[in-house]
Structures are given as C-alpha cells and as structure tokens.
Amino acid sequence: MYDKNWGFATKAIQAGYNPKPGDARILPIYQSTTYYYDDADHVAGLFDLEVPGHMYSRISNPTVEAFEHKVAALEGGVGALATSSGQAAATIAILNICSAGEHFVALSTLYGGTYTLFSVTLKKIGIEVTFINPEADEADIKAAFRPNTKALYAETIGNPGINVFDFEKFGKIAREYGVPLIVDNTFPTPYLCRPFEHGANIVVHSTTKYIDGQARTLGGVIVDAGNFDWSNGNFPGLTEPDPAYHGLRYVEAFGEVAYITKARVQFMRDLGAVMNAEVAFTLHMSLETLALRMVRHSENALALAKYLQNNDKVAWVNYPALEGNPSYSLSQKYLPLGSSGMLTFALKGGAKKAKEFINRVKLAALVVHMGDTRTSILHPASMTHRQLSEAEQISSGVKPDLIRVSVGIEDINDIINDIEQAINAVS
Ligand SMILES: *Cc1c(COP(=O)(O)O)cnc(C)c1O
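Residues numbered from 1 in each chain as written. Predicted model: local features only at pLDDT ≥ 70, side-chain atom pairs only at ≥ 80, totals over all residues. Heavy atoms only, no water.

In terms of domains, the chain is made up of domain 1 (8-287) and domain 2 (291-426). Placing the centre of domain 1 and that of domain 2 at their C-alpha centroids yields a distance of 29 Å. With 35 residues of domain 1 in contact, the opposing surface of domain 2 contributes 39 residues. Summing the contributions of domain 1 and of domain 2, the shared interface buries around 3,000 Å²; its carbon and sulfur component is 63%. Inspection of the domain 1/domain 2 interface yields 1 salt bridge. (Domains from an automatic or database assignment. Contact = heavy atoms within 4.5 Å. Buried area = accessible area lost by both parts, 1.4 Å probe. Salt bridge = Lys/Arg side-chain N within 4 Å of Asp/Glu carboxyl O.)

So, about the sheet that holds strand S3 (residues 128-132). As summarised here, the arrangement of the 7 strands in space is S1-S7-S6-S5-S4-S2-S3, forming an open sheet in which the pairing is mixed. Each end of this open sheet is capped by a strand with a single partner; those strands are strand S1 (79-83) and S3. Shown here is a sheet whose adjacent strand axes are inclined to one another by a mean of 20 degrees, direction ignored. Bridge count for strand S6 (residues 202-206) against strand S7 (residues 220-224) is 5 bridges, and the pairing is antiparallel. Along S7, the bridge assignment pairs Ser206 with Gly220. Lying over the sheet, helix H7 (residues 167-176) contacts strand S2 (103-107), S3, strand S4 (149-155) and strand S5 (181-184), oriented at roughly 145 degrees with respect to S5. Set on the sheet, helix H11 (residues 258-271) makes contact with S1, S6 and S7; between it and S1 the angle comes to about 30 degrees. (Pairing = 2+ DSSP bridges. Helix = DSSP H or I, 4+ residues; strand = E, 2+ residues; numbered from the N terminus. Axes fitted to C-alpha atoms, helices over the stretch in contact; angles between N-to-C directions.)

Let's shift gears to the packing of helix H13 (residues 290-309) against helix H17 (residues 412-426). The interhelical angle for the contact between H13 and H17, taken along N-to-C directions, is 35 degrees, at an axis separation of 10 Å. Relative to H17, H13 is oriented so that their crossing is right-handed. Judged by residue contacts, Asn300, Ala303, Leu304, Tyr307 and Leu308 of H13 engage Ile412, Ile415, Ile416, Ile419, Glu420 and Ile423 from H17. (Left-handed = near helix turned anticlockwise from the far one by under 90°.)

This next bit is on the site of the ligand. Close to the ligand lie 15 residues, the nearest being Gly86, Asp184, Ser206, Thr208 and Lys209. Measuring from an oxygen atom of the ligand, one finds a side-chain N or O atom of Ser206 at 2.8 Å. For the ligand, whose accessible area on its own is 380 Å², the fraction buried by protein is 94%. Class assignment for the residues of the shell around the ligand results in 3 nonpolar, 9 polar and 3 charged. (Near = heavy atom within 4 Å. Polar contact = N/O pair within 3.5 Å; in protein donor to acceptor, adjacent residues only side chain to side chain. Areas by Shrake-Rupley, 256 points an atom, 1.4 Å probe, with all protein chains shown as cover. Nonpolar A, V, L, I, M, F, W, Y, C, P; charged D, E, K, R; others polar.)

The next thing to look at is the packing of aromatic side chains. Under the criterion given, the structure shown has 15 aromatic pairs. For the pair Phe345 and Phe357, a centre-to-centre distance of 5.6 Å together with 85 degrees between the ring planes defines the contact as edge-to-face. Placement of Phe345 in strand S9 (residues 342-347) and of Phe357 in helix H15 (residues 350-358) is noted, with a sequence separation of 12 residues between them. The burial state of Phe345 is the same as that of Phe357; both residues are buried. Through a chain of ring-to-ring contacts, three or more aromatic side chains come together here, namely Phe165, Phe167, Phe170 and Tyr334. Across the ring face of Phe235, the terminal group of Lys150 is positioned such that the distance to the ring centre comes to 5.6 Å. Between Lys209 and the ring centre of Tyr111, over which it is positioned, the NZ or CZ distance is 4.8 Å. (Phe/Tyr/Trp six-rings, centres within 6.5 Å; stacked < 30°, edge-to-face > 60°. Buried < 20%, exposed > 50% of the residue type's maximum accessible area, 1.4 Å probe, protein only. Lys NZ or Arg CZ within 6 Å of the ring centre and 35° of its normal.)

With that settled, the discussion passes to the confidence of the model for the chain. Across the chain, the average pLDDT comes to 95, with 100% of residues at or above 70. Here helix H16 (residues 390-395) is the element of the chain with the lowest mean pLDDT, 78, and S7 is the one with the highest, 99. (pLDDT = per-residue confidence, 0-100.)

Shown next as structure tokens:
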C-alpha cells in the first residue's frame with residue numbers, strides 16, 4: 001500500500017507499520033526479546049544473514065522496525081537503525097566506517113555532547129577528529145583532509161550556534177575526497193530539511209528532541225541514503241570479508257543497504273545500544289504530527305525573534321530566518337518551510353544579566369532539554385557547555401552572554417509576554 005510518491009504528511013501517518021487483515025490497526029508493542037521458530041535451518045539462515053527476519057531484539061524487533069521504516073521513508077533513505085540515544089547514533093555512525101588509526105573531519109559547531117564524544121572519547125580509542133570552522137574557505141577545509149580521513153560530519157543547524165550548514169560547499173569537498181557526508185538533522189527534522197536531497201549520505205538524529213517532541217523518551221536513529229559508493233577503495237570494512245559472518249562482504253551481499261546493515265549486525269550486535277519497543281511505539285506515533293508541530297515551532301520562533309530584534313534591551317538575536325542573519329541565505333535555500341524552533345539572543349549587560357533573566361521566566365521552563373512542545377530556556381556557558389574551555393566554547397558557538405530558547409508550540413502571545421516580563425524585571 002505504501003507509495004513513495006506520497007507527500008510528507010501522508011508518509012508521516014501511513015508509512016512504517018503496514019497491518020494485514022485482522023492485525024491491530026495501531027502498531028503493536030512487541031514486548032519480546034526472542035522469536036519463535038520450529039526449524040533449525042531457518043535459525044541458522046538468520047544467524048548467517050541469509051534469510052531476513054527477527055532473531056533477537058538486540059538486532060531487530062518488529063515495533064522498532066516499523067519506526068525505522070517510517071523515519072527512512074520521511075528522510076528518503078533506503079534503511080534506518082534505531083538506537084538508544086542520539087549519542088549512540090553518532091557513535092555507531094562513525095565507528096561503522098572509522099577504526100583506530102583513522103581520522104574524520106567535523107564542523108566545530110556541534111552539540112556539546114557530540115563535540116566531547118569526538119574530541120575526547122573517540123580519541124581515547126585511537127580515532128582522530130579535526131574540527132573546522134563552518135566559515136572556512138575551500139583551501140582550509142581541504143587542508144583538514146588526510147589520506148586516512150573517512151568522513152565529514154556536520155549538523156544541519158548547529159547547536160547552539162544555530163548556523164545553517166552549507167551542503168553545497170562541504171558536500172563537494174567530501175565527494176572529491178571519496179568520504180561520506182554524515183549530517184545530524186536533529187534540529188530541522190526531515191519535515192524542514194532532507195539532507196539526502198542536498199547530497200548527504202548518512203543522517204543521524206537525536207529523536208529525543210523534535211521527533212519525540214514531548215520530552216518523554218531518549219532515542220536516536222541513523223538513516224542511510226544508499227547513495228554512497230563504498231567500493232571506492234577507502235572502506236575495506238564494507239568490501240572485504242567479515243570473519244564473524246563466514247567471510248560475508250557487505251557491499252556484495254547487501255548492495256545499497258550495506259552501510260546500515262553492517263551498523264546493525266556488527267555494532268548494534270556488539271554494543272547493544274538498542275531502542276526498545278515501547279520507545280519505538282511512542283516515536284512512531286509522534287511522527288504522525290511532526291509536520292504540524294514543525295510548522296508551529298518555526299512560526300513561533302520567527303515571531304519571537306522579530307519581537308526580540310525590536311526590543312532595545314536586547315543586544316543581539318540569532319535566528320536563521322531573520323533577515324540580515326549570517327545564515328539567512330542558507331536558511332532560504334535549505335530550510336524554505338521554516339528554520340525550526342531554536343533561537344539565541346543576549347541582553348545588554350552580558351552574562352550576568354543572562355543568568356538573572358533565566359531565573360525570572362515563568363512560563364518558559366529552565367531545562368537542559370530542547371525541541372519539545374514547551375518553551376524552554378538555557379544559558380549554555382554556565383550549563384550544557386561548562387566542561388569546555390572558553391576557547392572551545394567560542395569555537396563551538398557559545399558566547400558567554402548567549403541565552404538559548406527552544407520555542408514551543410504554545411500561543412505566541414503568552415511566550416512573548418513571559419520573555420518580556422523577565423526582561424523588564426532585570427533591566
Ligand atoms: C541532543 C542532541 C544530541 C544527543 O542526543 P541524545 O539523545 O541526548 O543522546 C545529538 N545531536 C544534537 C544536535 C542534539 O541536539
């Protein structure tokens with residue numbers, strides 16, 4: 001019944017779970033670690049990856065699979081692997097193609113947790129990263145590439161710099177060096193931007209944010225576009241025999257789904273960072289309203305950005321869809337339906353005023369989380385990014401006075417009134 005020509009909202013509702021006559025209409029939660037077989041050869045075939053099917057819920061589960069199919073349909077990919085969190089998705093996305101002694105390039109404007117994962121934890125296991133400034137010119141970007149470079153990693157909208165990624169500039173260089181472009185698409189979600197349409201090869205998400213959209217559950221997902229040539233000589237892990245599966249070669253055996261299959265049967269098998277069925281059920285349902293929510297998040301954020309821009313107690317406002325913003329033209333090119341719900345601003349009076357301000361908001365919640373229905377506020381320099389040195393903070397887009405707002409889908413007048421009373425209370 002699924003039709004790949006359906007529009008986004010139709011896919012968001014109809015893709016994923018496909019019931020047969022007599023089945024539950026709504027996706028069932030398959031609360032089972034294991035699956036029943038009465039034929040030993042069938043089980044052997046499953047373990048050798050020769051026949052498709054479920055064998056153990058660390059590798060796959062029908063509820064989780066329905067969620068994976070829905071996300072893959074929305075991103076326009078050929079397959080997906082759900083994970084226990086966004087961090088697990090980023091970790092597996094890199095480990096799947098990068099081993100000790102190898103290297104990858106990443107934009108410096110990344111989510112704080114990803115920045116630390118790359119610069120500290122992956123480094124400890126022998127994988128090196130070079131961070132580059134999103135404004136770097138072609139020569140500087142190329143200078144970061146080495147013979148052992150295996151990927152280029154970026155966020156569609158940087159966190160918390162809110163800078164829009166230049167797919168064209170960076171994608172061209174990734175293709176020239178024969179490495180995949182991996183894009184964290186957490187902030188826009190596939191409703192506002194589909195990175196595969198702009199040349200990306202792999203997408204990762206923290207589903208904890210807008211995909212869930214209601215701050216209920218941690219999760220992540222990796223999506224494979226199926227458009228990268230893994231046989232270009234740079235990725236022997238995908239073309240050479242895997243002794244764990246009797247010498248199977250992923251590209252030969254799985255074609256366009258080689259990358260995502262390898263991620264599942266090697267790294268999910270070994271690391272076990274699985275999404276469980278209850279979480280997948282929640283997310284599969286959340287996606288049904290994604291289009292509606294992202295429209296409202298984007299409209300509210302733009303309205304709040306315009307309000308702040310006209311408030312003379314505000315030092316600066318950063319929102320990509322605001323005319324004059326450094327990312328304005330990239331936002332019009334890659335995010336024509338809206339720039340999502342994240343904005344940053346500062347009050348005249350700097351970091352001290354920022355801390356006073358966040359203690360005065362009433363409707364907006366002071367939480368570390370972002371990307372859900374409730375408006376929430378954060379001062380990254382003293383909260384999420386406090387482990388980074390000041391130089392690292394600046395290079396990842398965190399100015400000391402920066403206040404981050406995750407604009408929710410409440411009535412915009414109530415959001416503006418709350419921010420206004422807090423500004424007036426401290427100015
Ligand atoms: C939150 C976030 C992550 C990490 O996701 P978790 O689900 O918290 O592990 C990764 N990337 C971005 C852009 C995020 O906002």
